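Listed below are the residues making up each chain.
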Amino acid sequence: MKYTAAHWGTYEIHDNDLKPVGDDPAPSRIGKGWLSASCNLDSRILRPAIRKGWLEGDGGKDRLDDVFVEVSWDEAATRVAEELTRIGREHGNGAIYGGSYGWASAGRFHHAQSQLKRFLNLAGGFVRARETYSHAAGEVLIPHILGMPQGDFQDQMTSWEHITEHCTLLVAFGGISGRPAQVASSGTAKHHTENWLRQMKGRMINVSPQKSDMPNAEWVSIRPGTDAALMLALCHTLLVEGLHDEAFLTRYTSGWPKLCAYLLGESDGQTRSADWAAPICDVDAEAIRQLARDMASSRTMINVAWGVQRTDHGEQPIWAGLALASMLGQIGKPGTGYGFGYGCVASIGRSTKNVYWPSIPQGRNAVDDFIPVARVTDMLLHPGERYAYNGTTRTYPDIRMVVWSGGNPYHHHQDLLRLEKGWQKPETVVVFEQGWTATARRSDIVLPATTPLERTDIMLSKTEPTLIYMSPVHAPVGEAKDDHEILKLIAAKMGLEKAFTEGKSQEDWLRWLWDQSSALVAGQGMELPDFESFRQQGRFNLDKDEETRIALADFISDPVAHPLGTESGRITLFNEKIAAFGLDDCPGHPAWLQPVESTLDAPQGALHMISAQSDTRLHSQNDQGSESLGSKIEGREVCRLHPDTAAERGIAEGAIVRLFNSRGATLAGVAFDGDLRRDCIALQTGAWFDAAEVDGVRMDIHGNPNALTIDKGTSSLAQGNIGHTALVFVEPWTKPLPPLKVSKAPDFVER
Ligand SMILES: Nc1nc2c(c(=O)[nH]1)N[C@H]1C(S)=C(S)[C@@H](COP(=O)(O)OP(=O)(O)OC[C@H]3O[C@@H](n4cnc5c(=O)[nH]c(N)nc54)[C@H](O)[C@@H]3O)O[C@H]1N2
Ligand SMILES: Nc1nc2c(c(=O)[nH]1)N[C@H]1C(S)=C(S)[C@@H](COP(=O)(O)OP(=O)(O)OC[C@H]3O[C@@H](n4cnc5c(=O)[nH]c(N)nc54)[C@H](O)[C@@H]3O)O[C@H]1N2
Ligand SMILES: [Mo]
């Protein structure tokens, strides 16, 4: 049997068709659109192309909707090599941005960024990006408050087995569902989050603006962006009703008296009571008090979904949630305590032993500069400007060349019309892409990359016992090449080919990865078959020990012998270091800070837009596949509205509407959802950005929420993205529908 794999699942290959592996209890919907997206010759990039304006020396000014000239691979590689060399010589490699954020594809060898970064390091280095769009606030905050990298905490999070067995009250801020759990980075062969939820014996509470964020749960319909206020009010009720675990707070936390003073209003005259929080959160005060009592009398697990921190001051719900769990004193016990991200990807809370598989070596970056990942437009627009980040003051580099591989900034970044402005600054933009995404259309040199369905690779995933020899399913479309082959061509032009390939063929690299992997697991008492047998079988199930975990168990068992890596060795409820940073937007303890936009002080008619992860895509991937295309209305992404909200605005189901605010506008089709808050509108992310001038106004016409979101950091601590914080207006669209450009390639001309 031949197999292949993606972030969204593992597939058997049958006569050029894909079937999810039989032992996957809930194969993903995303996978249904994979093959058709890969074979979509209208949207795939077939040949290397160079923007005509760039060839004519416009220096990037018209890098928006230009026409392209198709070129040979030799010319494309030569041009990239020449530009890298020229920019490096004239401005230094600190003028090259290679951060390339993005999920790329599963497969250990053909990982786009790893390949690109290995190459750029050999070519003199590049400015990189720190943190992720997923949970930047967590990545910066968690080391301060739990004394370990966010990833380490994630890897030790309490196993689902313990939660289903012992937890009697699961309170999920942002919900837990099979929708985001369709994927796991690097790949997965099993989707079991929904199974775990079905096995829950205790109560489940979904604190979210959308009921659909958690099946079979009670719903607390919270005003978006106000979770920290609710959590603090729950803390306050525990405190004033004497339901908190004072002994736990004393033994395992530091700074409790300062948080206590804040809750009681001793520091600023404002009590954080249930009555205070009720109008902020739009949740009944008595319901808040009762929830606190229920939490204290139950075996309670508190989960904060990553989406809850992709909001203005997104650090706060992470920290307030941890404070609440600390007051309940159930951290370190089976099935209770605190979680960050259950259900956000399939792998969270799995009890299989983690294996930290080898990757191709990336070498060393001679450039020491970075940006927090979501500050990309600020960097492009404001070279030399200073900004705050995690207690430091940094300066934006002056970027002359951007090289992107395996990510789609015109999907992931906020306020895309603003990104368009910054995007015109560099002299040269190079993209390695599979499809004519908005990013590819806005690049100067476009290098067509293969999809995993066109190449051979190995799927190795940290939490996943299944290892897959990935076989190709169809021939590469057009002249598309693997990223590695493209980089090899460019490296050859720069005299770096030998250094880049180490003289190894792709198959040599796969064997090398397999040998390294065999050696690694042999050291842990496990055995891999030899490479030939693995290739023959296509799939190998590692005999991993189940390793059920309890988060922070060592620390709880003996906080002196196993202190946390924080300033106090304990969970910091007041953090001296963060306090000393003196930030207005991230004080020394969890706090409620009103977001830059919310329905608390919204203009008449404004709605809060929730731009969650898509049912049918991985971000923008597979948007041009059958499953995503089939879900659209007149080719536009679907937004969901409460029927009452629609009625007030004269909007019919199935109609096309314009969503707009001061930053931009987009068009979407309408579906009704009685289980969504009336003051919200839900528009999932990932429809390929398609900007057009309509009556002289530039807007997106395909339903991309990032035409409307805010390009601001969570705070000057983490500078994470705040995609979930945005107010929009909605009205029926009465003009003719502008034709979409995304579904086909741009225009090609002769030089
Ligand atoms: N409004 C809003 N915005 C958001 C979010 C949100 O919740 N709301 N979520 C954010 C989050 S959590 C994330 S992680 C980001 C995701 O943002 P991205 O990870 O950038 O999104 P993807 O669509 O996965 O982009 C991957 C791109 O790489 C290309 N690609 C795939 N495989 C390969 C390959 O092998 N080689 C090459 N060269 N290219 C390849 C794909 O065609 C695709 O264009 O979006 C963020 N943006
Ligand atoms: N199908 C699919 N699954 C995915 C992805 C994908 O693209 N497609 N992307 C993956 C990636 S990269 C990531 S990082 C994870 C992200 O996983 P999550 O962050 O969990 O995903 P989201 O859907 O953005 O957010 C979860 C829910 O939070 C709710 N929410 C929004 N704002 C607030 C708020 O202020 N308060 C509360 N309480 N709730 C709020 C929304 O209703 C939303 O449905 O998903 C992963 N899983
Ligand atoms: Mo993410």
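Residues numbered from 1 in each chain as written. Chains lettered and ligands numbered in written order. Predicted model: local features only at pLDDT ≥ 70, side-chain atom pairs only at ≥ 80, totals over all residues. Heavy atoms only, no water.

Novice: I'd like a description of the overall build of the protein chain, backed by residues and values.
Specialist: Along the protein chain, the regular secondary structure elements total 27 helices and 31 strands. For 751 residues, the compact-globule estimate of 2.2 N^0.38 gives 27 Å, and the protein chain sits close to it at 25 Å. Principal axes of the C-alpha set define a box for the protein chain whose edges measure 75 × 65 × 50 Å. Counting every position in the protein chain, which comprises 751 residues, the buried fraction comes to 65%. Within the protein chain, residue pairs in contact and separated by at least 24 positions form 75% of the contacts whose partners lie at least 6 positions apart. Looking at charge distribution, the protein chain has the averaged site of its 74 positive side-chain charges lying 2 Å from that of its 95 negative ones. (Helix = DSSP H or I, 4+ residues; strand = E, 2+ residues; numbered from the N terminus. Rg over C-alpha atoms; globule rule 2.2 N^0.38 Å. Buried < 20%, exposed > 50% of the residue type's maximum accessible area, 1.4 Å probe, protein only. Contact = heavy atoms within 4.5 Å. Lys, Arg positive; Asp, Glu negative; His and termini not counted. Charge placed at Lys NZ, Arg CZ, Asp CG, Glu CD.)

Novice: Outline the sheet that holds strand E8 (residues 169-173), listing residues and values.
Specialist: Ordered in space as E10-E9-E8-E12-E13, the 5 strands form an open sheet in which the pairing is parallel. The sheet is open, and its two borders are formed by strand E10 (218-220) and strand E13 (337-340), each paired with just one other strand. For this sheet, the mean inter-axis angle between neighbouring strands, taken without regard to orientation, is 20°. Pairing of E8 with strand E9 (residues 203-207) involves 5 bridges; the strand directions are parallel. Note on E9: the bridge partner recorded for Leu-170 is Met-204. (Pairing = 2+ DSSP bridges. Axes fitted to C-alpha atoms, helices over the stretch in contact; angles between N-to-C directions.)

Novice: Lay out the packing of aromatic side chains with the relevant residues and their values.
Specialist: Summed over all chains, the structure comprises 24 aromatic pairs. Between Trp-160 and Trp-196 the ring centres are 6.4 Å apart and the planes differ by 5°, which places this aromatic pair in the stacked class. Note that Trp-160 is positioned in helix H7 (residues 160-166) and Trp-196 in helix H8 (residues 193-199), a separation of 36 residues in sequence. As far as burial versus exposure is concerned, Trp-160 and Trp-196 are alike and both buried. Ring geometry for Trp-514 against Phe-534: centres 3.9 Å apart, planes inclined by 10°, an arrangement best described as stacked. Pair noted here: Trp-514 is in helix H22 (residues 506-522) and Phe-534 is in helix H23 (residues 531-537), with a separation of 20 residues, a long-range link. Feature note: the residues Tyr-97, Trp-404, Tyr-410, Trp-423 and Phe-689 constitute an aromatic cluster, connected by ring pairs. Sitting over the ring of Phe-370, Arg-394 keeps its end group 3.7 Å from the ring centre. A cation over an aromatic ring shows up here: Lys-504 above the ring of Trp-509, its NZ or CZ 4.3 Å from the ring centre. (Phe/Tyr/Trp six-rings, centres within 6.5 Å; stacked < 30°, edge-to-face > 60°. Lys NZ or Arg CZ within 6 Å of the ring centre and 35° of its normal.)

Novice: Can you tell me about the domain arrangement of the protein chain, naming the residues and giving the values?
Specialist: Parsing the protein chain into structural domains produces domain 1 (42-131 + 358-459 + 472-503), domain 2 (136-353 + 549-581) and domain 3 (607-732). Once you take the C-alpha centre of each, domain 1 and domain 3 turn out to be 28 Å apart. On the side of domain 3, 28 residues touch domain 1, which itself brings 32 residues to the contact. Considering only the surface of domain 1 that becomes buried against domain 3, His-411, Gln-414 and Leu-417 emerge as the three largest contributors, covering 28% of it. Between Arg-418 and Asp-711 there is a salt bridge whose closest N-O contact spans 2.6 Å. Where domain 1 meets domain 3, there are 15 residue pairs in polar contact (both at pLDDT 80 or more). (Domains from an automatic or database assignment. Buried area = accessible area lost by both parts, 1.4 Å probe. Salt bridge = Lys/Arg side-chain N within 4 Å of Asp/Glu carboxyl O. Polar contact = N/O pair within 3.5 Å; in protein donor to acceptor, adjacent residues only side chain to side chain.)

Novice: An account of the site of ligand 2 is requested, with residue identities and associated values reported.
Specialist: In the vicinity of ligand 2 lie 32 residues, with Asp-213, Gly-225, Asp-227, Gly-307 and Arg-310 positioned nearest. Side-chain polar atom of Gln-182 to a nitrogen atom of ligand 2: 3.3 Å apart, as the coordinates give it. When ligand 2 is considered free in solution it has 910 Å² of accessible area, and contact with the protein chains removes 99% of it. Residue contributions to the shell around ligand 2 peak at 3 residues, all from helix H14 (residues 306-309). Broken down by class, the residue content of the shell around ligand 2 amounts to 16 nonpolar, 11 polar and 5 charged. Looking at which domains feed residues into the shell around ligand 2, each of domain 2 (136-353 + 549-581) and domain 3 (607-732) supplies at least three. (Near = heavy atom within 4 Å. Areas by Shrake-Rupley, 256 points an atom, 1.4 Å probe, with all protein chains shown as cover. Nonpolar A, V, L, I, M, F, W, Y, C, P; charged D, E, K, R; others polar.)

Novice: Please give an account of the packing of helix H9 (residues 227-240) against helix H15 (residues 315-328) that cites residues and values.
Specialist: Where H9 contacts H15, the two axes come as close as 8 Å, and the packing angle between them is 20°. Considered as vectors, H9 and H15 are oriented roughly parallel to each other. Judged by the twist between their axes, the crossing of H9 over H15 is left-handed. Contact residues: Asp-227, Ala-228, Met-231, Leu-232, Leu-234, Cys-235, Leu-238 and Leu-239 in H9; Gln-316, Pro-317, Ala-320, Gly-321, Ala-323, Leu-324, Met-327 and Leu-328 in H15. Of the residues assigned to the contact of H9 with H15, the class counts are 13 nonpolar, 2 polar and 1 charged. (Parallel < 35°, antiparallel > 145°, perpendicular 65-115°, else oblique. Left-handed = near helix turned anticlockwise from the far one by under 90°.)

Novice: Could you give me a rundown of the pattern of salt bridges, with the residues and numbers involved?
Specialist: Evaluation of the coordinates by the stated rule reveals 59 salt bridges. Here Glu-83 and Arg-86 are joined by a salt bridge, their closest N and O atoms 3.0 Å apart. With a gap of 3 residues between them, Glu-83 and Arg-86 both fall in helix H3 (residues 73-91), about one helical turn apart. The buried category is assigned to Glu-83, whose relative accessible area is 10%. Using a relative accessible area of 21% as the deciding quantity, one classes Arg-86 as partly exposed. Between Arg-698 and Glu-693 there is a salt bridge whose closest N-O contact spans 3.6 Å.

Novice: So, the site of ligand 1: which residues are in play, and what are the values?
Specialist: The environment of ligand 1 is formed by 34 residues, the closest being Ser-105, His-412, Glu-433, Ser-620 and Asn-706. Within the side chain of Ser-105, one N or O atom sits 2.6 Å away from a nitrogen atom of ligand 1. Side-chain polar atom of Glu-433 to an oxygen atom of ligand 1: 2.3 Å apart, as the coordinates give it. When ligand 1 sits alone it has 910 Å² of accessible area, and the protein chains cover 98% of it. When residues are assigned to domains, the shell around ligand 1 turns out to be shared by domain 1 (42-131 + 358-459 + 472-503) and domain 3 (607-732), each giving three or more.

Novice: Let's hear about the sheet that holds strand E28 (residues 680-683): which residues, and what values?
Specialist: Sheet architecture is closed into a barrel: 6 strands sit in the order E24-E28-E25-E27-E26-E31, paired in mixed fashion. Neighbour-to-neighbour, the strand axes of this sheet turn through a mean angle of 45°, independent of strand direction. Where strand E26 (residues 656-660) and strand E31 (residues 727-732) come together, 4 bridges link them in antiparallel fashion. Note on E31: the bridge partner recorded for Arg-658 is Glu-731.

Novice: Report on the pairing of strand E17 (residues 401-405), specifying residues and quantitative values.
Specialist: Summarising burial for E17: 5 of the 5 residues are buried, a large majority. What you see with E17 is no split at all: Met-401, Val-403 and Ser-405 on one side and Val-402 and Trp-404 on the other are buried throughout. Pairing analysis gives 2 bridges linking strand E6 (residues 96-97) to E17, with the strands arranged parallel. Bridge pairing in E17 links Ile-96 to Met-401. Strand direction decides the pairing type here: E17 and strand E18 (residues 428-433), joined by 5 bridges, are parallel. Residue pairing in the sheet places Trp-404 in a bridge with Val-431 of E18.

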